[in-house]
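# Topology and contacts: notes
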Amino acid sequence: MGDEQLAQLTASEAARRIARGALSAEELVDACLERIRRVEPTVQAWQFLHEEHALAQARAADERRRSGEPIGALCGIPVGVKDIMDTADMPTENGTLLHKGRTPRADAAVVARLRAADAVIVGKTVTTECAYFTPGKTRNPHNPEHTPGGSSSGSAAAVAAHMVSLALGSQTAGSVIRPASFCGVYGYKPTHGLIARTGVLALSRTLDHIGLFARSVEDLALLAEELVGWDEGDPDTRPRARVPFRALAAEEPPLEPRLAFIKTPHWERADADTKEAYAELVESLGKRVEEVELFPAAHAAWDWQRTIMEAEMTANLEPLWRDGYERLSERLRGLIDRGRETRALEYQRALGSLPAARESFDQLFIERYDAILTPPALGTAPKGLGATGDPVFCVLWTLLGMPAVTLPLMRGANGLPLGVQLVGRRNFDGRLLRTARWLAAKLQ
């Protein structure tokens, strides 16, 4: 098998081959590095990359396997890590000049879990400035004149371009689901608090999520199974039994899933491509999908999210605002300036509105539906590199901490990927992945 074919293996297939000795970690990582050399000048997904360090990790994984030691589920699998997640052996610069050369002393919790699973951390992927809206250098692998999305731009692009099998990102508004859709890969944002954020740049405790990028639902489940769990540094995680995501995702649903198609109040802003594609999708699913109106109380959710995000990001990023105001982008300065004007009453009202909204969606799932069907973005990746696209179709689900998956199942008229987003009930992530696998199989 040549380098190109090796680099295109899904993480699950590569892990199986490595476990039985049919493929070495060094061969796989070397193939991915060769792919990076070929396409990185165009895609520019990496903020930090050290080939020899990646190969050294791969050789160590091979040695563990050959010695008969127990190996992790991700043994030898190359992974990209968004450059807002601390790595003790690589810089973590958070997409800002103010953190240039920053070298953490410890790994983020998710990085530690990757290492415990024997993954190979190839390098740090490009993020937008402080994981907000100002773009980095990354381009869309399908057309370099188009944005890859953000803020997890490098992670989405690296998986889409077959540079790595898996990658980690984060989402505070739409920073996993949107770039996954734009780049044509599988993206997963778990239930809030399911994966620990310890050692990750903090923007908003209420909104921040770790997210995953892969090339199949099986791969998302494989990675999630290794990352989910309690960590004392993240107060929103809790002790829990190990969740068998792979087994859950692989199960056949006891009944064919029923989907609620929710357009949200922003449907009119969607591109014509999106409206046409979703009309065809809904028609093809027939009685398995029903259009459901968003309950009126949730129409204000986009205002709640903006209030919470601006207030909490301002509190977390104030040291940068204080010490390096002139070196921040105009976009980020504007957000912090607005956040400094947010009234405590407005912030508390927004927070206080969330429990009732969550309960309303819980009831929707209990009564009838397995998942919500809705677009991940307004359309395909916009042309130009000055912006990363609008997260409007992700905001509500992120605000309420609901799990979401995007599947690369459609194309726009311009040939670029057009994703399908499924949203699930909080803490029923395995069921959501099972429904996503069902839908992918049904449409492919």
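Residues numbered from 1 in each chain as written. Predicted model: local features only at pLDDT ≥ 70, side-chain atom pairs only at ≥ 80, totals over all residues. Heavy atoms only, no water.

### A look at the overall build of the protein
The secondary structure content of the protein amounts to 15 helices and 11 strands. A globule of 444 residues ought to have a C-alpha radius of gyration of about 22 Å, and the protein, at 21 Å, matches this closely. If one aligns the C-alpha atoms of the protein with their principal axes, the spans along those axes are about 60 × 55 × 45 Å. For the protein, with 444 residues in total, the buried portion stands at 58%. A fraction of 77% describes how many contacts in the protein between residues 6 or more apart in sequence connect residues 24 or more apart. With the model as given, the accessible surface of the protein reaches about 17100 Å², and the carbon-plus-sulfur share is 49%. A gap of 1 Å separates the mean positions of the 53 positive and 58 negative side-chain charges of the protein. (Helix = DSSP H or I, 4+ residues; strand = E, 2+ residues; numbered from the N terminus. Rg over C-alpha atoms; globule rule 2.2 N^0.38 Å. Buried < 20%, exposed > 50% of the residue type's maximum accessible area, 1.4 Å probe, protein only. Contact = heavy atoms within 4.5 Å. Areas by Shrake-Rupley, 256 points an atom, 1.4 Å probe, with all protein chains shown as cover. Lys, Arg positive; Asp, Glu negative; His and termini not counted. Charge placed at Lys NZ, Arg CZ, Asp CG, Glu CD.)

### Some points on the side chain of T206
By the element assignment, T206 lies in the loop between β5 (186–189) and β6 (209–214). One polar contact links T206 to E312, side chain to side chain, over a distance of 2.7 Å. Setting aside anything within four residues of it in sequence, one finds T206 in contact with H192, I308, E312, L351 and L354. (Polar contact = N/O pair within 3.5 Å; in protein donor to acceptor, adjacent residues only side chain to side chain.)

### What to know about the sheet that holds strand β11 (residues 417–423)
Strands in a sheet are paired, the pairing made by backbone hydrogen bonds, and the direction either parallel or antiparallel. Pairing is mixed in the open sheet, where 11 strands are placed in the order β1-β3-β2-β4-β6-β5-β10-β11-β9-β7-β8. Lying at the two open borders of the sheet, with one neighbouring strand each, are β1 (46–49) and β8 (289–291). Pairwise comparison of adjacent strand axes, ignoring direction, gives a mean angle of 30 degrees for this sheet. Taken together, the three bridges between strand β2 (residues 78–82) and strand β4 (residues 166–171) define a ladder with parallel strand orientation. In the strand pairing of β4, V81 is matched with L168. Of the strands in this sheet, β4, β5, β6 and β10 (404–411) touch helix α8 (residues 217–227), which is tilted by about 140 degrees from β6. Along the sheet face, helix α10 (residues 272–285) touches β7 (259–261), β8, β9 (371–374), β10 and β11 and points at about 55 degrees away from the line of β11. (Pairing = 2+ DSSP bridges. Axes fitted to C-alpha atoms, helices over the stretch in contact; angles between N-to-C directions.)

### A closer look at the pairing of β5
Neither face of β5 is exposed, since Y186 and Y188 on one face and G187 and K189 on the opposite face are all buried. Relative to β6, β5 runs antiparallel, the two sharing three bridges. From the neighbouring strand, G187 faces β6, where its bridge partner is F213. Pairing of β5 with β10 involves three bridges; the strand directions are antiparallel. By the bridge assignment, G187 is partnered in β10 with T406.

### Concerning unusual backbone geometry
S151 follows G150 through a cis peptide bond whose omega is 5 degrees. The topology assignment puts S151 in the loop between β3 (120–125) and α6 (153–160). Although it is not a glycine, C130 sits at a positive phi angle of roughly 50 degrees. Along the chain, C130 falls in the loop between β3 and α6. Unusually for a residue other than glycine, H162 sits at a positive phi of about 60 degrees. Here H162 shows up in the loop between α6 and β4.

### Considering the pattern of salt bridges
Under the defined criterion, the tally for this structure stands at 41 salt bridges. Measuring nitrogen to oxygen at the nearest pair gives 3.3 Å for the salt bridge that ties E225 to R246. Of the two residues, E225 sits in helix α8 while R246 sits in helix α9 (residues 245–250), which places them 21 residues apart along the sequence. On the accessibility criterion, E225 (10% relative accessible area) is buried. In this structure, K275 and E268 form a salt bridge, with 3.4 Å as the shortest nitrogen-oxygen distance. Given the relative accessible area of 64%, E268 is considered exposed. What emerges from the salt-bridge pattern is a single network uniting E4, E34, R35, R37, R38 and E51. (Salt bridge = Lys/Arg side-chain N within 4 Å of Asp/Glu carboxyl O.)

### Looking at the packing of aromatic side chains
If you walk through the whole model with that rule in mind, you get seven aromatic pairs. Where F261 meets W267, the ring centres are 5.7 Å apart and the plane angle is 85 degrees; that geometry is what we call edge-to-face. As far as the burial class goes, F261 and W267 line up, both buried. Ring geometry for F261 against Y278: centres 6.1 Å apart, planes inclined by 15 degrees, an arrangement best described as stacked. With F261 in strand β7 and Y278 in helix α10, the pair connects residues that are 17 residues apart, well separated along the chain. Summarising the burial analysis for this pair, F261 and Y278 share the class buried. The ring of Y325 has R333 sitting right over it, with the charged end atom 5.2 Å from the ring centre. (Phe/Tyr/Trp six-rings, centres within 6.5 Å; stacked < 30°, edge-to-face > 60°. Lys NZ or Arg CZ within 6 Å of the ring centre and 35° of its normal.)

### Describing the state of the cysteines
Where two cysteines share a covalent bond between their sulfur atoms, that bond is called a disulfide. Tallying each qualifying case throughout the model produces zero disulfides. Left unpaired, C32 is separated from the closest cysteine sulfur, that of C75, by 14 Å. Of all cysteine sulfurs, the one in C183 lies closest to C394, which takes part in no disulfide; the gap is 13 Å. (Disulfide = S-S within 2.5 Å.)

### Digging into the nonpolar core
With 143 residues, the main nonpolar core has M85, L114, F361, I372 and L373 as its most contacted residues. A total of nine residues in this core trace back to one element, the largest contributor, which is helix α3 (residues 25–43). If we skip the residues at most four places from it in the chain, I372 touches A260, I262, F361, L364, F365, W397, M402, Q421, L422 and V423. (Core = buried A, V, L, I, M, F, W, Y, C linked by side-chain atoms within 4.5 Å.)

### Looking at the packing of α10 against helix α15 (residues 429–443)
In the contact formed by α10 and α15, the axes pass within 12 Å of each other and the chain directions differ by 95 degrees. Judged by the inter-axis angle, α10 sits roughly perpendicular to α15. Across the interface between the two elements, L281, S284 and L285 of α10 pack against W438, L439, K442 and L443 of α15. (Parallel < 35°, antiparallel > 145°, perpendicular 65-115°, else oblique.)

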